Each structure stands twice: as structure tokens, then as C-alpha cells.
Amino acid sequence: MGGIGSGRVKGSGKLTTEDTLSILASELYKSGRPREESPVIRRKRDARHGIDVIVSIVPDKNHLECTVTRVEVGSEPKVDEIRVRVSWTPCALGGQRAALHCVGCGKGVRRLFVRPLRIPLLCRSCARLRYSSQTRSRYERRRAKLEEARARLGASSAPYTWPPPKPKGMHWKTYDSLLREAEAAENAYREELEKRLAPYGRWLSRRLAQRPLGDEQAAS
Ligand SMILES: [Zn+2]
């Protein structure tokens, strides 16, 4: 291949955030302090490249000391020692939130990713990853949105039990607006569901049209 546009990775070719080992600030810190004294170990196998990635992290107030080990069968393990800057921003509800700074661009983010063949510990955009939700179909996304809307109403996630009663202690105004939101999500979901079922409906009506009509036909 080659030529114009060949650099773009499309569809299933591109890795998602879910395929990739990552470290999350809130897993390392709590109330402005490291959660644990001992190193935090994360490990994931990258099936595509056949590489095991192991990250050992020692969190400190203002940085992470990370040891990234990449193990590939038949070659020496590759070890990188990396220091990641940590900064703090105040939260609206009090306390402080940690940001981990990308080794590539320096941006402070909540999650850093370790791709086996790149400089480790990058933000999502430097690691060139898609969100896993971007790989879900429209039907799956709408279904997830509906479930979220229903969960906010305290309803069961199963569709077709409708409408859920107002949860105790919730204001009517809140309930009404959540209900409208859930209703919109439900409509969007049904629309997508019908689209999915349409080919089956067409197939079924073709089959019915081909079938001899039995009694009525015999009578004529
Ligand atoms: Zn970056």
C-alpha cells in the first residue's frame, strides 16, 4: 500500500485505552497522599506484540518513580526507569486532585498509558489511543447511555420496566428532568434497535411471501 493517507490507522487497527496498561492518579493517591508505602505493580500482556509489560510505581507527593519492564520471549527484558511529575489542583468540594504529567508533552492528566513499543507513560493523545467507547457500536453506546440514565433514577438496568417511581428523597424537579433524559435515551436506543432488527424483518416478510398460503390459497 502506501501513498496519501496510508499513515492513518483505521478501524480495528488502532489500539484502544482498554487494550493498554495504564496507571490512574486516583489509584495511587488518596486525600493528597500516596495510598500505599510499598510499590504499586501493574502488569498486562500485549497480545498483539507478544510483550508482557510490568510497571512498578513508587508514588511520592510530587513525583512517581516508575520502573517499566518489557519482556518478550527470546530477548533480554528491557527496563526503563522513568520519573513522572505529579501536580495538585484543588477540588470544588475540598481536598486536592493529583495530575500525572505525560512524559511526551508534559500535560497533566488523570491517567497515563504504557504502550509496549513507545516511550512509556504517555497521555492518551501522545500514546495515540482511542477511547474504548469509540470502538463500541452506536447501538452499544445508546444502550449504555440508557442504562446510565436509568441508574440515575435508581431504576433497574433492564429496559421495558417503565417509568421507574421517584426515589425517596429526590426532588420532583430533579426526577422530572432525569425522567425526560432517560426517556430521550430510551427513544434513541429503540430507534437503533429497530434499525438493527430491520434486516431480519425484511428477511421474515420475504420468507412469508414465498411460502404457500395454505387454506386461503387452496380455497381459490
Ligand atoms: Zn502527552
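Above this text you will find the structure in question.
Report on the accompanying structure. Because the structure is predicted, anything quoted here is derived from the model rather than measured.

## Quick notes on helix α3 (residues 172-210)
Then comes step 1: Taking 1.5 Å of rise per residue, the 39 residues of α3 would be expected to cover 57 Å, and the 54 Å separating its terminal C-alpha atoms lies within 8% of that figure.
Then comes step 2: At Leu197, α3 is bent by approximately 40°, the largest bend along its length, and proline Pro199 sits one to four residues beyond.
Then comes step 3: Summarising burial for α3: 3 of the 39 residues are buried, a small minority.
Then comes step 4: Turning to α3, its buried residues are Leu178, Ala182 and Tyr189.

## Details of the environment of Glu140
Then comes step 1: With respect to the helices, strands and loops of the structure, Glu140 is situated in helix α2 (residues 138-152).
Then comes step 2: Overall, Glu140 belongs to the exposed group, with 12 C-beta atoms counted inside 10 Å.

## A word on the sheet that holds strand β5 (residues 51-59)
Then comes step 1: The strand order across the open sheet formed by 6 strands is β4-β5-β6-β7-β8-β9, and the pairing between neighbours is antiparallel. Both outer strands of the open sheet, β4 (40-46) and β9 (108-109), are each paired with one neighbouring strand and no more.
Then comes step 2: Judged from the 5 bridges that link them, strand β7 (residues 78-90) and strand β8 (residues 96-101) form a sheet pairing that is antiparallel. Across the sheet, Pro90 pairs through a bridge with Gln96, a residue of β8.

About the thresholds
- Residues numbered from 1 in each chain as written.
- Predicted model: local features only at pLDDT ≥ 70, side-chain atom pairs only at ≥ 80, totals over all residues.
- Helix = DSSP H or I, 4+ residues; strand = E, 2+ residues; numbered from the N terminus.
- Expected span 1.5 Å × (residues − 1).
- Bend = angle between axes of the 7 residues up to and from the residue.
- Buried ≥ 20, exposed ≤ 12 C-beta atoms within 10 Å, placed from the backbone.
- Pairing = 2+ DSSP bridges.

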